[in-house]
Amino acid sequence: MTTRTIVRRVRGMPTSDGAGVKMTRVIGQPALDTLDPFLMLDAFGSDKGADYIGGFPDHPHRGFETVTYMLAGRMRHGDNQGNSGLLGPGSVQWMTAGRGIVHSEMPEQEDGEMRGFQLWVNLPAKDKMTAPRYQDIAPERIPEVDPAPGVHARVIAGELAGARGPVGGVATEPVFLDLALAPHARIEVPLPAAHNAFAFVFEGAGVTIGGVTLDHYELGVLSAGGTVALEAGEAAARLILVAGKPLNEPVAKYGPFVMNTPQQIMQAIDDYRAGRF
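Quick caveat, the model's predicted, so the values are computed rather than measured. Every chain begins its residue count from 1, and numbering advances along the sequence as written. Only residues with pLDDT of at least 70 are given local features in this predicted model, and only at 80 or more are side-chain atom pairs given and counted; all residues enter the totals for whole chains, interfaces and linings. In computing side-chain properties, one takes all heavy atoms of the structure into account and sets aside hydrogens as well as water.

Undergrad: Before we move on, can you summarise the layout of surface pockets with the specific residues and values?
TA: Rolled over the atoms, a probe as big as a water molecule pinpoints where empty space is left. Space inside the largest pocket adds up to approximately 530 Å³. D17, R25, M40, D42 and W120 are the residues nearest the centre of the largest pocket, which is lined by 29 residues in total. Numbering of helices and strands starts at the N terminus; helices are DSSP runs of H or I of at least 4 residues and strands are runs of E of at least 2. Contributions of two or more residues to the lining of the largest pocket are made by strand 3 (21-27), strand 4 (38-46), strand 5 (56-61), strand 6 (64-72), strand 11 (114-122) and strand 25 (252-254). Broken down by element, the lining of the largest pocket gets its largest block of residues, six residues, from strand 5. Under the scheme applied here, ten amino acids are nonpolar (Ala, Val, Leu, Ile, Met, Phe, Trp, Tyr, Cys and Pro), four are charged (Asp, Glu, Lys and Arg), and all others, including Gly, are polar. Among the residues making up the lining of the largest pocket, the classes are represented as 15 nonpolar, seven polar and seven charged. A volume near 230 Å³ is recorded for the second largest pocket. Taken together, 15 residues line the second largest pocket, and the ones lying closest to its centre are A157, G158, E159, R164 and P174. Looking at the lining of the second largest pocket, its residues break down into eight nonpolar, four polar and three charged. Buried and open spaces are told apart on a 1 Å grid over the protein atoms alone, a cavity being a set of points where a 1.4 Å probe fits but cannot get out and a pocket being an open set with protein on both sides within 12 Å along at least five of seven lines. Residues with an atom within 4 Å of a point are the lining residues. Grid points are joined across faces, edges and corners, and a volume is the space filled by probe spheres set on the points.

Given below as structure tokens:
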């Protein structure tokens with residue numbers, strides 16, 4: 001079984017989105033435009049209300065999925081179909097926008113820590129116009145396991161050490177793990193061999209993969225292979241390990257619309273303007 005290595009290291013770039021929310025864009029920036037099927041990865045984290053208080057007022061999506069993983073803070077979401085819910089610490093929302101939805105994500109706090117990730121995952125052409133749906137997952141539904149000495153894992157999607165994540169029915173067959181490693185802890189994680197995968201270190205000094213050390217807030221694009229070995233250094237570390245089946249389809253992007261052709265993008269714009277979402 002081939003062990004994965006790091007083939008590319010990427011640092012995020014500061015940006016803002018929504019109504020001025022400050023964040024770090026890791027995928028979806030010049031250094032890493034996409035990693036099929038992943039279109040964007042934003043990491044957000046601040047204890048200053050001014051950095052996030054504007055939130056993300058009503059905005060449309062079509063043709064892909066948005067994944068929000070909250071580490072700290074509280075965010076309220078709502079949409080034009082009457083759905084609403086609260087994302088708190090440790091919770092996940094996997095939203096399939098499909099043929100179109102208009103939604104908002106607004107903080108339910110004026111100050112204090114707000115921290116987490118938003119990941120955009122592409123949909124295959126056959127599913128781009130499917131009906132929208134949500135998978136709102138409370139923290140207690142996410143299994144937690146200790147798959148190796150000094151390693152604690154939250155299994156959001158995929159499987160690890162006999163635990164299966166609650167996210168299901170996703171075309172790209174994702175793996176999404178939150179791994180906390182004690183100093184010098186080591187683990188080998190099995191991954192589907194043909195999936196594209198990345199690791200992003202968001203706490204601690206670094207994690208070594210195949211002889212290459214990822215520093216804090218650095219993403220490593222992984223080679224193909226059936227397993228990946230991770231080892232912490234002198235300090236504890238925490239990272240997300242994410243993998244998905246590549247779609248190998250044309251991608252046409254325009255803001256919140258991701259389709260296969262420019263003509264489909266124009267149709268999405270027309271449909272949104274005409275109130276057909």
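Undergrad: I'd love a proper account of the pairing of strand 17 (residues 175-181), names of residues and values included.
TA: When a residue's accessible area, from a 1.4 Å probe over protein chains only, is under 20% of the maximum for its type it is buried; when over 50% it is exposed; and in between it is partly exposed. The buried fraction of strand 17 is high, at six of seven residues. Between any two strands, pairing holds if DSSP finds at least two bridges. Across six bridges, the pairing between strand 14 (residues 151-157) and strand 17 is antiparallel. In the strand pairing of strand 17, A157 is matched with F176.

Undergrad: Requested: an account of the pattern of salt bridges, with residues and values cited.
TA: Oppositely charged side chains can form a pair if their charged atoms are brought close together. Any carboxyl oxygen of Asp or Glu within 4 Å of a side-chain nitrogen of Lys or Arg constitutes a salt bridge here. Counted under the stated rule, the structure contains 19 salt bridges. With a shortest N-O distance of 3.0 Å, E113 and R115 are connected by a salt bridge. Owing to a relative accessible area of 21%, R115 belongs among the partly exposed residues under this scheme. Where D271 meets R276, a salt bridge forms, and the shortest distance between an N and an O atom there is 2.8 Å. Beyond isolated ion pairs, a larger network of salt bridges with shared partners links E113, R115, D178, E203 and R238.

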